[in-house]
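Descriptive structure summary
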There are 2 protein chains.
Amino acid sequence: MSHILITSGPTREYIDPVRYLTNASSGRMGAALARAALELGHAVSIVSGPVEVDYPAEAALFPVVTTAEMAAACAELFPHCDGLIAAAAPCDYRPHTVAEHKLQKSGHGLTLDLTETVDIVAGLADLRQGQWLVAFALETRDAHFRAMQKLQRKSCDLICVNGPAAIHSADTRVSVLDRNGMVVGEFMGDKQAVARGILDVIERHLVRGSATA
Amino acid sequence: MSHILITSGPTREYIDPVRYLTNASSGRMGAALARAALELGHAVSIVSGPVEVDYPAEAALFPVVTTAEMAAACAELFPHCDGLIAAAAPCDYRPHTVAEHKLQKSGHGLTLDLTETVDIVAGLADLRQGQWLVAFALETRDAHFRAMQKLQRKSCDLICVNGPAAIHSADTRVSVLDRNGMVVGEFMGDKQAVARGILDVIERHLVRGSATA
């Protein structure tokens, strides 16, 4: 039995007390991965941004809002885990400054200066002591090429590639690439079936230590 | 029996195919107002941004994503309605340009130039032919003062004032102000009870035509 850390859902980066930048990640893929991991007898911890999805009660849930909060929660849990599945869609940009009060319309628009948020998976890769890392890449073009860049930048063992149609949808389509860019799994259909396929690849390549990559 | 148009939920303004500006409006207040209006025997049409809430099946539902789409749907329905309750939290800013593909991290942050979106209620006020208008104001300071400015700018009959604690919460606290700045209703508790209170004020002041404001 392994202890698997799963990140799930979006994060939010507030520009004032009401408005924020985010994406439509529903947490459904994270919930499906958690169920699939539990079915295989693993222990699961989930760090999740704000979502409406029902996570399995057997998983330990750590709710967060911002990308920095997600990074901090993961950094605390990761040393006690055997592997990471980074299914969250953390917000990549945050405003330089957050307005203390709700911004009022001025008639003149608004210029937002945004800073890139921390790369959660790359940060955990720096902390790894034998853990395996599986990331997700959601790309709108040159998907495999960009996913491989991401895998290298984040020092992952496997990367799951999907498109924007997967967001907030019941169905999805995922290709799993290894460090050599080989497609080691290709799954399509409802997210629970796809999650089982991904966990099967993880089980064979990473958990049982038979990875050749 | 009146036909009441209710706007509900947030809107989204995408900056690329994945990321958007929004707020945490859940649509719960809109759903509660719809149920309260139906209980009083009115017909209800709801124009709603993306939410997970269950709207009553007896209401006609018109789903939208952006503020411009919400404005367009409302402009089409409004001439056939007797009044408007604007409970939505439309996104007030949209990017000048929307990136065709997912923005890639460059290491250098991002500057977003935002334009103010259309004021849906003010736009409908220009189209009114005897309809009454009720708006919501969510303020983080000087709530009554700012709400009265909003009521005047949007030419509303009543304005419901609440604070950011109401967003995505089961409970809320609402003060209803008339055109003279008089508090004509004050409600606290779960959103369904508050919605019934607001509908009662609307019924007395606007539907039965006994408004003195």
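Refer to the structure presented above.
Before going into details, it helps to say that this report is about the structure given with it. (Residues numbered from 1 in each chain as written. Chains lettered and ligands numbered in written order. Predicted model: local features only at pLDDT ≥ 70, side-chain atom pairs only at ≥ 80, totals over all residues. Heavy atoms only, no water.)

Time to look at unusual backbone geometry. Residues and elements named next belong to chain A. Positive phi is not limited to glycine here, since Ser155 has a value of about 50°. Within the secondary structure layout, Ser155 lies in the loop between α4 (143-153) and β10 (158-162). Look at Ser155 and you get partly exposed, because its relative accessible area is 29%. (Helix = DSSP H or I, 4+ residues; strand = E, 2+ residues; numbered from the N terminus. Buried < 20%, exposed > 50% of the residue type's maximum accessible area, 1.4 Å probe, protein only.)

Attention now goes to helix α4 (residues 143-153) of chain B. All names here are of chain B. Among the residues making up α4, those that are buried are Arg146, Ala147, Met148, Lys150 and Leu151. Buried positions along α4 lie against β9 (132-138), β10 (158-162) and β11 (171-178). Two residues or fewer past α4, Ser155 is found with a positive phi of approximately 50°. (Contact = heavy atoms within 4.5 Å.)

Let us now look at the sheet that holds strand β2 (residues 13-14) of chain B. Within the open sheet, the 4 strands sit side by side as β2(A)-β3(A)-β3(B)-β2(B). Their pairing is antiparallel. On the outer flanks of this sheet lie β2 (13-14) of chain A together with β2 of chain B, each paired with one strand and no other. Looking at chain direction, β2(A) and strand β3 (residues 19-23) of chain A are connected through 2 bridges and run antiparallel. Along β3(A), the bridge assignment pairs Glu13(A) with Leu21(A). (Pairing = 2+ DSSP bridges.)

Look at any regular strand and the pattern is simple: side chains alternate between the two faces of the sheet. Residue and element names in this part refer to chain B. Across the 6 residues of strand β1 (residues 3-8), 5 count as buried, placing the element largely inside the fold. Here 6 bridges tie β1 to strand β4 (residues 43-48), and the two strands are oriented parallel to one another. Within the sheet, the bridge partner assigned to Thr7 lies in β4 and is Val47. Relative to strand β6 (residues 83-86), β1 runs parallel, the two sharing 4 bridges. Counted as the bridge partner of Ile6 is Ile85 from β6.

To continue, consider the packing of helix α2 (residues 67-77) of chain A against helix α3 (residues 120-127) of chain A. Residue and element names in this part refer to chain A. The geometry of α2 relative to α3 is characterised by a closest axis approach of 10 Å and an angle of 25° between their N-to-C directions. It follows from the interaxial angle that α2 and α3 lie roughly parallel. Both α2 and α3 take part in a crossing whose hand is right-handed. On α3, the residues touching Thr67, Met70, Ala71, Cys74 and Ala75 of α2 are Ile120, Leu124 and Leu127. Each residue belonging to the contact of α2 with α3 can be placed in one class, and the counts come to 7 nonpolar, 1 polar and no charged. (Axes fitted to C-alpha atoms, helices over the stretch in contact; angles between N-to-C directions. Parallel < 35°, antiparallel > 145°, perpendicular 65-115°, else oblique. Left-handed = near helix turned anticlockwise from the far one by under 90°. Nonpolar A, V, L, I, M, F, W, Y, C, P; charged D, E, K, R; others polar.)

The next subject is the packing of helix α1 (residues 28-39) of chain A against helix α5 (residues 191-207) of chain A. Residue and element names in this part refer to chain A. Contact geometry of α1 with α5 gives a least axis separation of 8 Å together with a crossing angle of 55°. Compared by their axis directions, α1 and α5 come out oblique. The element α1 and its partner α5 pack so that their crossing is right-handed. Contacts between α1 and α5 involve Arg28, Met29, Ala32, Leu33, Arg35, Ala36, Ala37 and Glu39 on the former and, on the latter, Lys191, Gln192, Val194, Ala195, Arg196, Ile198 and Leu199. The residue inventory of the contact of α1 with α5, partitioned by class, reads 9 nonpolar, 1 polar and 5 charged.

In this section: the relation of the copies chain A and chain B. Each copy superposes on the other: chain A lies on chain B with an RMSD of 0.0 Å after a rotation of 180° and an axial shift of 0.0 Å. Within this description, the copies of the chain are treated as partners about a two-fold rotation axis. (Least-squares fit on C-alpha atoms with pLDDT ≥ 70 in both.)

Moving on, we get to the interface of chain A and chain B. Interface size, as often reported, equals the accessible area lost upon joining of the parts. Counting residues at the interface gives 41 residues for chain A and 41 residues for chain B. Counting the surface chain A buries against chain B, the share from its top three residues, Tyr93(A), Lys105(A) and Glu116(A), is 17%. A salt bridge links Asp92(B) to Arg19(A), with the nearest nitrogen and oxygen atoms 2.5 Å apart. Applying the counting rule to chain A against chain B returns 28 residue pairs in polar contact (both at pLDDT 80 or more). At the level of elements, β3, β8 (110-116) and α4 of chain A are the ones that each hand at least two residues to the side of chain A that touches chain B. Examining the composition of the side of chain A that touches chain B, we find that 7 residues originate from one element, β8(A), more than from any other. Grouping the constituent residues of the side of chain A that touches chain B by class yields 15 nonpolar, 13 polar and 13 charged. Looking at chain direction, β3(A) and strand β3 (residues 19-23) of chain B are connected through 5 bridges and run antiparallel. Bridging across to β3(B), Arg19(A) finds its partner in Asn23(B). (Buried area = accessible area lost by both parts, 1.4 Å probe. Salt bridge = Lys/Arg side-chain N within 4 Å of Asp/Glu carboxyl O. Polar contact = N/O pair within 3.5 Å; in protein donor to acceptor, adjacent residues only side chain to side chain.)

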